[in-house]
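Next come the chains, spelled out residue by residue.
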Amino acid sequence: QVQLVESGGGLVQAGGSLRLSCAASGRTFSINVMAWFRQATGKEREFVADFWWSGGTSRYADSVKGRFTISRDNTKNTVYLQMNSLKPEDTAVYYCALRRTVSSLYDVWGQGTQVTVYS
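S.K.: How should the packing of aromatic side chains be read in this particular structure?
M.R.: Aromatic ring pairs are reported here in terms of the distance separating the ring centres and the angle at which the planes meet. For the coordinates displayed, the defined rule picks out 4 aromatic pairs. With a centroid separation of 5.1 Å and an interplanar angle of 50°, the aromatic rings of Phe37 and Trp109 are classed as tilted. With Phe37 in strand S4 (residues 31-39) and Trp109 in strand S10 (residues 108-109), the pair connects residues that are 72 residues apart, well separated along the chain. For the ring pair Phe51 and Trp53, a centre distance of 6.1 Å and an interplane angle of 80° mean the geometry is edge-to-face. Through successive ring pairs, a cluster of aromatic residues spans Phe37, Phe47, Tyr106 and Trp109. Sitting over the ring of Tyr80, Arg19 keeps its end group 3.9 Å from the ring centre. Directly above the ring of Tyr106 sits Arg99, whose terminal nitrogen or CZ lies 4.6 Å from the centroid.

S.K.: Explain the pairing of strand S1 (residues 2-7) to me, please; I cannot follow it from the model alone.
M.R.: Within a regular strand, the side chains alternate between the two sheet faces. Residues of S1 alternate between two faces, with Val2, Leu4 and Glu6 buried on one and Gln3, Val5 and Ser7 left unburied on the opposite face. Here S1 runs beside strand S3 (residues 18-26); their pairing, made up of 6 bridges, is antiparallel. Directly across from Gln3, in S3, lies its bridge partner Ser25.

S.K.: What am I meant to see in the pairing of strand S5 (residues 46-52) here?
M.R.: Across 6 bridges, S4 lies against S5 in antiparallel orientation. Across the sheet, the residue bridging to Val33 is Trp52, located in S5. Taken together, the 4 bridges between S5 and strand S6 (residues 57-60) define a ladder with antiparallel strand orientation. Among the inter-strand pairings, Phe51 is bridged to a residue of S6, identified as Ser58. Here S5 folds back onto S6, and the loop between the two strands holds 4 residues, one of which, Gly56, carries a positive phi near 70°.

S.K.: Explain the nonpolar core to me, please; I cannot follow it from the model alone.
M.R.: Across soluble globular proteins, you tend to see nonpolar side chains buried next to one another. With 30 residues, the main nonpolar core has Leu4, Met34, Trp36, Leu81, Met83 and Tyr94 as its most contacted residues. Mapped onto this core, the elements with two or more residues apiece are S1, S3, S4, S5, strand S7 (68-73), strand S8 (78-83), strand S9 (92-100) and strand S11 (113-118).

S.K.: In this structure, what is going on with the side chain of Thr28? I would like to understand it.
M.R.: For Thr28, the location among the structural elements is in the loop between S3 and S4. The exposure class of Thr28 is buried, given its relative accessible area of 17%. In this structure the side chain of Thr28 is engaged in a polar contact, spanning 3.4 Å, whose partner is the side chain of Asn77. With sequence-adjacent residues up to four places away left out, Thr28 is seen in contact with Val2 and Asn77.

S.K.: Is there a simple way to think about the state of the cysteines in this case?
M.R.: Working definition: the covalent bond between the sulfur atoms of two cysteines is a disulfide. Considering all chains together, one arrives at 1 disulfide under this definition. Through a disulfide, Cys22 is tied to Cys96; the S-S separation comes to 2.0 Å. One quick way to see it: the torsion about the S-S bond of Cys22 and Cys96 is about -85°, and its sign makes the bridge left-handed. Linking Cys22 in strand S3 with Cys96 in strand S9, this pair joins segments that are 74 residues apart in sequence. With respect to burial, Cys22 and Cys96 carry one shared label: buried.

What counts and how
Residues numbered from 1 in each chain as written. Predicted model: local features only at pLDDT ≥ 70, side-chain atom pairs only at ≥ 80, totals over all residues. Heavy atoms only, no water. Phe/Tyr/Trp six-rings, centres within 6.5 Å; stacked < 30°, edge-to-face > 60°. Helix = DSSP H or I, 4+ residues; strand = E, 2+ residues; numbered from the N terminus. Lys NZ or Arg CZ within 6 Å of the ring centre and 35° of its normal. Buried < 20%, exposed > 50% of the residue type's maximum accessible area, 1.4 Å probe, protein only. Pairing = 2+ DSSP bridges. Core = buried A, V, L, I, M, F, W, Y, C linked by side-chain atoms within 4.5 Å. Polar contact = N/O pair within 3.5 Å; in protein donor to acceptor, adjacent residues only side chain to side chain. Contact = heavy atoms within 4.5 Å. Disulfide = S-S within 2.5 Å.

Here's what the structure looks like:
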């Protein structure tokens, strides 16, 4: 099995930057897609960005495109989410998720890391 550990959240002023990390451990050879989701208080969980392991393809939600960048460190089995030009509406708990090669669902999740953006 695979385990995910997120880090890097915190409090940042609007316009600032944060870099989130998600480290995968265990049977990392089974990774198909790793992704970031977020959930603000009182709102539904929403997709932020994903990274397709085999092809290195990444995708972004329209709300973060041009501001956020997802990347991978193969040696560390870690994905990062570089968040620039942060806005108060980016405030949420950010979750790392993993889709295994045998699954069509995101069935491995991290604990989440809080990102708070203030004006």
